[in-house]
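Overview (structure and organization)
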Amino acid sequence: MADQNFQTIDLAMIRENSPNPTCDIKFTFLDETTGLTSELPAHKLILAFGSEVFMRQFFGNFPEEKDTIPIEDSSVQVFRIFLDILYNKKISLEAFDFQLLADLYYLAEKYHQECLKDSIVKEVSARKIVSGNLLEVAKLAETNSHLAQFSSSLFNICFVFLRESDQETILDIFDNEEVEEENSRTLHRLMAGAKRSRPNPPDICKNCQHKPCLDGKELTKFNFVTGAYVSRKFGAKQDTRKTLKIDGDDDVEYTIVWADGRVTNTSDKFSKLS
């Protein structure tokens, strides 16, 4: 039987099921409700390769000497997922609710995991919320305002929902939520934010009324706009004229302002927009 290739070894499985004797660090978690302590073993070297924070902690100028580290700012559930990610275990962010994503983003921020942060923001931004969890998501965004990108992504999907909702849906949200000062403030901040974040309309050419501008394109009955300035070329000569109306399918009526100040009306074939 051939020796097992190192690249095929499931290190995450070993960490979870056979931690001894290779694991050399242990994270502990105290459940304040039950008083019970949970442990997660790991390998310093793998953690150090996965995070520069762990690299400094375990192999820096003043390396951590203890082999047990209490974790007070994360649950054992979220920290286990974070370790799985560092161990290259396949994780689906789609399966996590917003609160778990918030807790995971906090750890990614703490341990300088920029790729994980970007993935979480991308996952949040791709989600659609419903009226039933609008307030919950907004409050989570407010609570995590110190995690700027994550908080912003939560607010943005709230704003999208409000911009896409009709007035009746929005009024139902206000009617169905418990009337209390905190909820009222949050909902009104959402409405104001949705209004401020409304996308700007695209820049439309003031002459041809199109985006992108039709400068140089042939004037047709399909892109005709009354009052647009167009150019008409006669051999080596060219004039600028203002459209008035289409007469039938082929002729266009124009106003021409000549160099000497004369103003005349004429009817001609389609010209070029300028």
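Our subject is the structure that appears above.
Residues numbered from 1 in each chain as written. Predicted model: local features only at pLDDT ≥ 70, side-chain atom pairs only at ≥ 80, totals over all residues. Heavy atoms only, no water.

So, on to the pattern of salt bridges. Taken as a whole and assessed by the stated rule, the structure comprises nine salt bridges. E123 is the partner of R127 in a salt bridge, and the nearest nitrogen-oxygen pair spans 2.8 Å. Of the two residues, R127 and E123, neither departs from the other in class, the shared state being buried. Through salt bridges with shared partners, a single ionic network connects E109, E114 and K117. (Salt bridge = Lys/Arg side-chain N within 4 Å of Asp/Glu carboxyl O. Buried < 20%, exposed > 50% of the residue type's maximum accessible area, 1.4 Å probe, protein only.)

On to the packing of helix 5 (residues 98–110) against helix 8 (residues 148–164), then. Between helix 5 and helix 8, whose axes approach to 10 Å, the crossing angle comes to 155°. Relative to helix 8, the element helix 5 lies roughly antiparallel. The segment helix 5 lies against helix 8, with F98, L101, A102 and Y105 engaging Q149, F150, L154 and I157. For the contact of helix 5 with helix 8, a count of residues per class yields seven nonpolar, one polar and no charged. (Axes fitted to C-alpha atoms, helices over the stretch in contact; angles between N-to-C directions. Helix = DSSP H or I, 4+ residues; strand = E, 2+ residues; numbered from the N terminus. Parallel < 35°, antiparallel > 145°, perpendicular 65-115°, else oblique. Contact = heavy atoms within 4.5 Å. Nonpolar A, V, L, I, M, F, W, Y, C, P; charged D, E, K, R; others polar.)

Enumeration according to the criterion identifies 10 aromatic pairs in this entry. With a centroid separation of 4.9 Å and an interplanar angle of 55°, the aromatic rings of F27 and F79 are classed as tilted. Remark: F79 occurs in helix 4 (residues 76–86) and F27 occurs in strand 1 (residues 25–30); sequence separation between them is 52 residues. Like F79, F27 is buried. Measuring from ring centre to ring centre gives 6.0 Å for F155 and F159, while their planes differ by 15°; the resulting arrangement is stacked. Placement of the pair is F155 and F159 together in helix 8, with a separation of four residues, close to one helical turn. Given the relative accessible area of 11%, F159 is considered buried. (Phe/Tyr/Trp six-rings, centres within 6.5 Å; stacked < 30°, edge-to-face > 60°.)

Mapped onto the fold, L190 is located in helix 10 (residues 181–196). Residues L190 and F159, 31 residues apart in the sequence, show an inter-C-alpha distance of 6.9 Å. Beyond its immediate stretch of four places on either side in the chain, L190 contacts L134, A138, F155, C158, F159 and L162.

Where nonpolar side chains cluster on the molecular surface, the patch consists of L45, F49, M55 and F59 and spans about 430 Å² of accessible area. Those elements giving two or more residues to the nonpolar patch turn out to be helix 2 (44–50) and helix 3 (52–59). Turning to its location among the elements, L45 is positioned in helix 2. Using a relative accessible area of 49% as the deciding quantity, one classes L45 as partly exposed. (Patch = residues over 30% accessible without salt bridge, like charges linked within 9 Å, V, L, I, M, F, W, Y side chains within 5 Å. Areas by Shrake-Rupley, 256 points an atom, 1.4 Å probe, with all protein chains shown as cover.)

Structurally, S51 is set in the loop between helix 2 and helix 3. Discounting residues that sit within four places of it in the chain, S51 has contacts with Y111 and Q113.

The first and last C-alpha atoms of helix 8 sit 24 Å apart over 17 residues, in line with the 24 Å expected at 1.5 Å per residue. Among the residues making up helix 8, those that are buried are F150, S151, S153, L154, I157, C158, F159, F161 and L162. (Expected span 1.5 Å × (residues − 1).)

Turning our eyes to something else, we now look at the nonpolar core. If you look at the biggest cluster of nonpolar residues, it comprises 55 residues, and the most contacted ones within it are F27, L47, F54, F79, L104, I120 and F150. At eight residues, the largest contribution of residues to this core is made by helix 5. (Core = buried A, V, L, I, M, F, W, Y, C linked by side-chain atoms within 4.5 Å.)

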